[in-house]
Amino acid sequence: MFRHLFKLMWNKKKQNFLLMTEMFVSFLVVFAVMTISVYYYGNYRKPVGMDYENVWVVNYSNPLKTDNKDSIWLFYEALQRTVKALPQVREVSFTTSNVPFASATIMNGVGHKGRMISNINWYNVDDNYQRVLDLKLLEGRWFNKQDAVAPVKPVVINATLREELFGNEPATGRQYGDDKQSRVIGVVQDVKMKGDYTVAGRAVYNRTDTASLGGMEKMLVRVTPDANLAFEGRLYKTISTALKTANVEIEHLTDKRGSMNNMSLMPMIILSIVAGFLIINVALGLFGVLWYNINKRRAEIGLRRAVGATGRSVSLQLITEALILSTFSVIAGVFFAVQFPLLNVFDLPAMVYVAAIVLSVLFIYLLVLICAFYPGRQAAAVYPAVALHED
């Protein structure tokens, strides 16, 4: 039977080659969409690692025109006490521009045991940062005032960086760097700073000192759930009074999260639209080819029915032909798709590509079955006498 099917398909090789090419391109586009979807879904399932509800971001520029670090330090302490004295404020923290769900990124690298670990997210934070965002400590502790006089620079790292530096061993109390310039005092759970669909990456939290105060241009304020627009206006007025020469703007982390998620989803949405148009084109082409085959092969179908073939077998023949054509396209597509995990393209986990390949194969076969089902039923409904009489 298969030999007969291959002979029939070979006789229409030009027409079938175009259809196979369309399905091959469709497979690659679907594979790209599935890869992004699986990757985003895997990231979405991971915990955020912080509590961003009821946290506001106050943006301002450093208003102090002085190089006296002690004066700046005293000013920030006074501003923090003023804001925290408001009845609906729970915690206040100063940090740099790379707050959660912001586009700003500060990265650095570190040498450790003869190798370079790059793309480490670098955060300058104060002692209240962990309480404002409710970061989950996995081991050790957060910063306190005693760290100001520590002989070795204290840092807090996230779980991803701990695994790269020390494997599965505890990190608290250990030093890293080629010259042992940093000592880990705590490890926090990974925090998805760039939205729900991105990976946390490596992260180091450094304690703010007088040397880094000039870059503290953001204030994180945790408020009570009943904080409303009226209180936001009061907070704005309080900060603007203290920062007379600064432009003050208040944002909510929940709003910033939504904007960042939309930006993350944009590439997948665009690719999905392109894939949708291509898949519709392939579906129409496959449906049209099968329908055309029925009309051109009515005599063949009628003869098969006249010698005893059932309608089900005729329908199965057309569906099988479509599945064989799609199999050739899928094999070619899988050959190119498996190069991505083998070559570690885009530095994604291999299981993401494997899952995307499986889903793409299933999708193409399902598409072919749907497009071939109705023409197959039409072929099964051809009456032998009518078909032979028409011929």
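Residues numbered from 1 in each chain as written. Predicted model: local features only at pLDDT ≥ 70, side-chain atom pairs only at ≥ 80, totals over all residues. Heavy atoms only, no water.

Trainee: Please explain the pattern of salt bridges as it appears in this structure.
Mentor: Think of it this way: side chains of opposite charge can pair up when their charged atoms draw near. Going through the model one piece at a time under the given rule, you end up with 11 salt bridges. Here Lys136 ties to Asp134 by a salt bridge, and the two come within 3.5 Å at their closest N and O atoms. Here Lys136 falls in the partly exposed class, since its relative accessible area comes to 34%. Judged by relative accessible area, Asp134 falls into the partly exposed class, the value being 34%. The closest approach of N and O atoms between Glu164 and Arg202, which form a salt bridge, is 2.6 Å. Here Arg202 lies in strand E9 (residues 202–207) and Glu164 lies in helix H5 (residues 159–166), a separation of 38 residues in the sequence. (Salt bridge = Lys/Arg side-chain N within 4 Å of Asp/Glu carboxyl O. Buried < 20%, exposed > 50% of the residue type's maximum accessible area, 1.4 Å probe, protein only. Helix = DSSP H or I, 4+ residues; strand = E, 2+ residues; numbered from the N terminus.)

Trainee: When you look at helix H6 (residues 229–242) in this model, what are you seeing that I'm missing?
Mentor: Each α-helix winds once per 3.6 residues, and so residues spaced three or four apart point in a common direction. Its 14 residues place the ends of H6 20 Å apart at the C-alpha level, agreeing with the 20 Å of an ideal helix rising 1.5 Å per residue. Of the residues making up H6, those classed as buried are Phe231, Glu232, Leu235, Thr238 and Ile239. Buried residues along H6 cover an arc of 125° about the axis, so they all sit on one side. Opposite the buried face of H6, by more than 90 degrees, sit the exposed residues Leu229, Ala230 and Lys237. The opening residue of H6, the one whose side-chain oxygen lies 3.2 Å from the backbone nitrogen of Ala230, is Asn228. (Expected span 1.5 Å × (residues − 1). Arc of directions from axis to C-beta. Polar contact = N/O pair within 3.5 Å; in protein donor to acceptor, adjacent residues only side chain to side chain.)

Trainee: Help me understand the side chain of Asp126 in this model?
Mentor: Examined against the element boundaries, Asp126 turns out to sit in the loop between strand E4 (115–125) and helix H4 (129–133). The buried charged residue Asp126 lacks any salt bridge partner; its closest oppositely charged side chain belongs to Arg131, at an N-O distance of 7.2 Å. Here the side chain of Asp126 touches Asn128 through a polar contact of 3.1 Å, landing on its backbone nitrogen. Asp126 has contacts with Gln80, Val92, Ser93, Phe94, Trp142 and Thr208, leaving out every residue within four places of it along the chain. (Lys, Arg positive; Asp, Glu negative; His and termini not counted. Contact = heavy atoms within 4.5 Å.)

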